[in-house]
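Single-letter residue listing:
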Amino acid sequence: MMDLGDLLSPLNGYASLPLSQGEEARTMRPGDGGGGACATIPTDCDNPITPSTSYERNEGNQARLCPLMDAPTKAQGYLPIDPSAAHRDTNNSGRCSKRVLRVVRGGGAGNSGNSAMMAGSLEQLQRSAEVVETVVIELTEEEEKIFQRLLDVVRHFDLGTTLRVAGGWVRDKILGEQPADIDIALDNNMTGLEFSVKYAKFLVEKKLTVKEKQQEKGKKQEGGTNVIRCNPDRSKHLETVKMSVLGGDIDFVNLRSETYVESTRIPTMKSGTAEQDAYRRDLTINSLFYNINDNCVEDFTRRGIDDLKKGLIVTPLDPKATFLDDPLRVLRAIRFATRFNFTLSDELKEAASDEKVKLELCSKISRERVGEEINHMMSGRRPVEAMSYICDLGLFYVAFAFPEKSNPPIFDNYDRCCVSHIEAAWNFAISVRNGVSHPLLAEQRKLYLYSALFFPLRKMFYLDEKSRKIEVTRYIVKESLKLPACLAKSVVDIHAASGKFAEFLLLFESNVASGTLKEELEDVYLELPTDTLNRVCAGVILAEIKDFWRVALAISILYYYPEAENALSQQDRSKEKYMEVEHFITDLGLNEVWNWKPLLKGETIMAVMQRSEGPEIGEWKKRVFRWQLAHPNGTVDDCIDWMKQSQSKRQKLEPSI
């Protein structure tokens, strides 16, 4: 399935690259999960560099990443990467250098504290651990300078500390992406705060400090630190020190081990070895280390590299025990699987769908943390696959908790109905990608997907503690996921506007609906020419939904998809209808109608009507707006004349006034 980021907006910045499916000489371009025909590489949220590596094996069956010979071009049928993202990457990454790194499985290269970033001899390494392969990663010029500076500190004070870049940085580098963050894990019982003190002392002794007056405006103070205290509710289980090193913000934390008790997901932390730290992590692909001292990649679980190659999502330890310790890892596993187009292992899926794990997910994990993970999935590359996983694993009603009582009541297949609608919306977006005048932007894209997912719930309500009628969708977004109230309101508003657009679309099918529409837009004070009804109706809808009108229009197409299986049969007609309406609105210049300056101000309306501000004047403001839509060339005097005529009609209809 294609990535919606490619289709709705170049600003979302995703590029889709077809992959070979051959197993023996298989090419693995960055982001490939091995389970599909296409891999996607982010160029926005993950700040990657342009992919330049592929995976192959040599005659000795050693796996390595190597440069791609030919970069894909638009002429070859590939989707282009966003130029703005490419510009951003050039600024951030600078010059890159390739490094061939040994992969050490099952044991580290030791606490060598080497002064230079050079690998030890192969014979030395083989005596302490098993060297099975090599990988190539690209270090930016900034990263090389940062790592060398940190090694200089270790050498200067003879700290005996091994510096390791942990987790996601290593994973992303091997996949050919540029990580957003650098997290340094310290051993030898050294804390981040202790290392920051040594770093500050190093700057002074080497006369590398910059006086405050000489500090460049806007540039961070070298060696400046910020201590991030433990915050288990935000998955911060250990104190972290963020320090500015050569202009980059680097997180420092010491290696640790974890033990859990049954009643909470918050572990007891203590200092540990690199191997213990690797096994405590959520997934094997996140358990890799780049040993800066010895210039090698360490794979203590003995399968992190293999799982990256195979595109498998696996836990380092027993998946059920892992999920019972921290049930949030279930959602993280789904997020990473869909981010990289990887496959959940069978053992992991069985554990994730376990009833006890579901109960623990409900009881141990805050709704805010659940909402964050869901939001990451919906903002990610493959939200449809993410929601399908959640549905297939029986997690839909756990992730999207409903209010206790709703009207109409929840039925069993609401979860699959919701997933079918987000899939229909996704497929529809693909079908119109080449014909829209203005693609959806990032925030609109997320609203579009949330609105599609909860489309089957749009008519469901519940009564709150004050017996007020509240939309179930609003409850799920605001209370169940703890996402911003403005997001919940926008989704509800889009559902309402999409219903109006669905009625509006009927006008493009036939003129049968024009009579009903004319009655809704007119009253005894306002008569509209029949040929202006479409313009007035569209303008009224857009004035209510404002910037999200394209989202609402796209969602209205779902009214033509009552069941997912009907989507393909109606796709061409729906695409044509969407583009017809979208072009109609833009051609008439209505796409920012909510920003129009009113033809008559409130004071003028009150003077003509000889009334003070109140509900009646509010109704007249709406009539004036509709008159303005129907008479695009009308002047202020024309509008006042119409109002005076309406005033006369009003007096005849209400002689007692």
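Residues numbered from 1 in each chain as written. Predicted model: local features only at pLDDT ≥ 70, side-chain atom pairs only at ≥ 80, totals over all residues. Heavy atoms only, no water.

(A) The overall build of the chain, seen in detail. When helices and strands are tallied, the chain shows 26 helices and 19 strands. Out of the 657 residues in the chain, the part that is buried amounts to 53%. Considering only contacts within the chain whose residues lie at least 6 apart along the sequence, 71% involve residues at least 24 apart. As displayed, the chain offers around 30000 Å² of accessible surface, 49% of which is attributable to carbon and sulfur atoms. (Helix = DSSP H or I, 4+ residues; strand = E, 2+ residues; numbered from the N terminus. Buried < 20%, exposed > 50% of the residue type's maximum accessible area, 1.4 Å probe, protein only. Contact = heavy atoms within 4.5 Å. Areas by Shrake-Rupley, 256 points an atom, 1.4 Å probe, with all protein chains shown as cover.)

(B) Broad picture of the packing of helix 10 (residues 328-340) against helix 14 (residues 383-392). Taken N-terminus to C-terminus, the directions of helix 10 and helix 14 make an angle of 145 degrees; their axes are 9 Å apart at the nearest point. Between helix 10 and helix 14 lies a crossing of right-handed hand. Between helix 10 and helix 14, the residues in contact are Ile334, Ala337 and Thr338 and Glu385, Ala386, Tyr389 and Ile390, respectively. In terms of residue class, the contact of helix 10 with helix 14 is made up of five nonpolar, one polar and one charged. (Axes fitted to C-alpha atoms, helices over the stretch in contact; angles between N-to-C directions. Left-handed = near helix turned anticlockwise from the far one by under 90°. Nonpolar A, V, L, I, M, F, W, Y, C, P; charged D, E, K, R; others polar.)

(C) Molecular detail of the pattern of salt bridges. Per the stated rule, a full pass over the model turns up 37 salt bridges. Linking Asp172 and Arg171 is a salt bridge whose minimum nitrogen-to-oxygen distance equals 2.9 Å. Taken individually, Asp172 and Arg171 each receive the classification buried, so the pair is uniform in this respect. Notably, a salt bridge pairs Lys349 with Asp346, separated by 3.9 Å at the nearest N-O pair. With Lys349 and Asp346 both in helix 11 (residues 346-352) and three residues apart, this pair spans about one turn of that helix. Residue class for Lys349 comes out partly exposed when judged on its relative accessible area of 30%. Judged by its relative accessible area of 57%, Asp346 falls in the exposed class. (Salt bridge = Lys/Arg side-chain N within 4 Å of Asp/Glu carboxyl O.)

(D) Layout of unusual backbone geometry. Of note, the amide linkage connecting Asn407 to Pro408 takes the cis form, showing an omega dihedral of 0 degrees. Tracing the chain through its elements places Pro408 in the loop between helix 15 (396-399) and helix 16 (414-431). Phi at Asn295 is positive, roughly 55 degrees, even though this residue is not glycine. Inspection of the secondary structure assignment puts Asn295 in the loop between strand 14 (289-291) and strand 15 (296-299).

(E) Representation of the pairing of strand 10 (residues 240-245) in the model. Most of strand 10 sits out of view: five of its six residues are buried. One ladder, built from five bridges, connects strand 10 with strand 11 (residues 248-254); its direction is antiparallel. Considered in strand 11, the bridge of Met243 is made with Ile250. A loop of two residues connects strand 10 with strand 11, the two strands running antiparallel in sequence, and Leu246 in this loop sits at a positive phi of about 50 degrees. (Pairing = 2+ DSSP bridges.)

(F) Layout of the environment of Leu359. By secondary structure assignment, the location of Leu359 is in helix 12 (residues 355-364). For the pair Leu359 and Val398, spaced 39 residues apart in the sequence, the C-alpha separation amounts to 8.4 Å.

(G) Highlighting the packing of aromatic side chains. Counted according to the given criterion, the structure contains 19 aromatic pairs. On the numbers, 5.5 Å between centres and 80 degrees between planes, the contact of Phe428 with Tyr578 is edge-to-face. Taken together, the residues span a long stretch of sequence, with Phe428 in helix 16 and Tyr578 in helix 23 (residues 567-587) at a distance of 150 residues. The residues Phe428 and Tyr578 share a single accessibility class, namely buried. An angle of 20 degrees between the planes, with centres 6.0 Å apart, marks the rings of Trp627 and Trp642 as stacked. With a gap of 15 residues between them, Trp627 in helix 25 (residues 615-630) and Trp642 in helix 26 (residues 636-653) connect regions that are remote in the sequence. (Phe/Tyr/Trp six-rings, centres within 6.5 Å; stacked < 30°, edge-to-face > 60°.)

(H) Representation of the confidence of the model for the chain within the structure. For the chain, mean pLDDT is 77; residues scoring 70 or higher make up 72% of the total. Low pLDDT, under 50, characterises residues 1-93; the stretch is placed with 228 contacts to residues that sit more than four places away or in other chains. Segment residues 108-127 is flagged for pLDDT under 50; beyond a separation of four residues in sequence, or across chains, it makes 52 contacts in the model. (pLDDT = per-residue confidence, 0-100.)

(I) Expanded view of the packing of helix 17 (residues 442-453) against helix 22 (residues 549-556). Where helix 17 contacts helix 22, the two axes come as close as 10 Å, and the packing angle between them is 30 degrees. As judged from the angle between their axes, helix 17 and helix 22 are roughly parallel. Where helix 17 crosses over helix 22, the handedness of that crossing is right-handed. Residues Gln444, Leu447, Tyr448, Ser451 and Ala452 of helix 17 touch helix 22, and the partners they reach there are Val551, Ala554 and Ile555. (Parallel < 35°, antiparallel > 145°, perpendicular 65-115°, else oblique.)

(J) Examining the environment of Ser648 more closely. For Ser648, the location among the structural elements is in helix 26. The class for Ser648 is partly exposed, based on a relative accessible area of 32%. C-alpha of Ser648 to C-alpha of Tyr525: the two residues are 123 residues apart in sequence and 9.7 Å apart in space.

(K) Spatial organisation of the nonpolar core. Among the nonpolar cores identified, the biggest contains 155 residues, and Ile184 and Phe195 are the most heavily contacted of them. Among the elements that line this core, the one with the most residues is helix 16, at ten residues. Residues in contact with Phe195, not counting those within four places in the same chain, are Leu150, Val153, Val154, Leu159, Leu163, Leu186, Met190, Met243 and Phe252. (Core = buried A, V, L, I, M, F, W, Y, C linked by side-chain atoms within 4.5 Å.)

(L) Here's a closer look at the pairing of strand 5 (residues 96-105). Burial within strand 5 is extensive, with seven of its ten residues counted as buried. One ladder, built from four bridges, connects strand 5 with strand 15; its direction is parallel. In the sheet register, Val104 faces strand 15, and the bridge partner there is Glu298.

(M) Inspection of helix 25 at higher detail. End to end, helix 25 covers 23 Å across 16 residues, agreeing with the expected 22 Å (1.5 Å per residue, within 8%). When we look at burial in helix 25, the residues that qualify are Ile617, Trp620, Arg623, Val624, Arg626, Trp627, Gln628, Leu629 and Ala630. (Expected span 1.5 Å × (residues − 1).)

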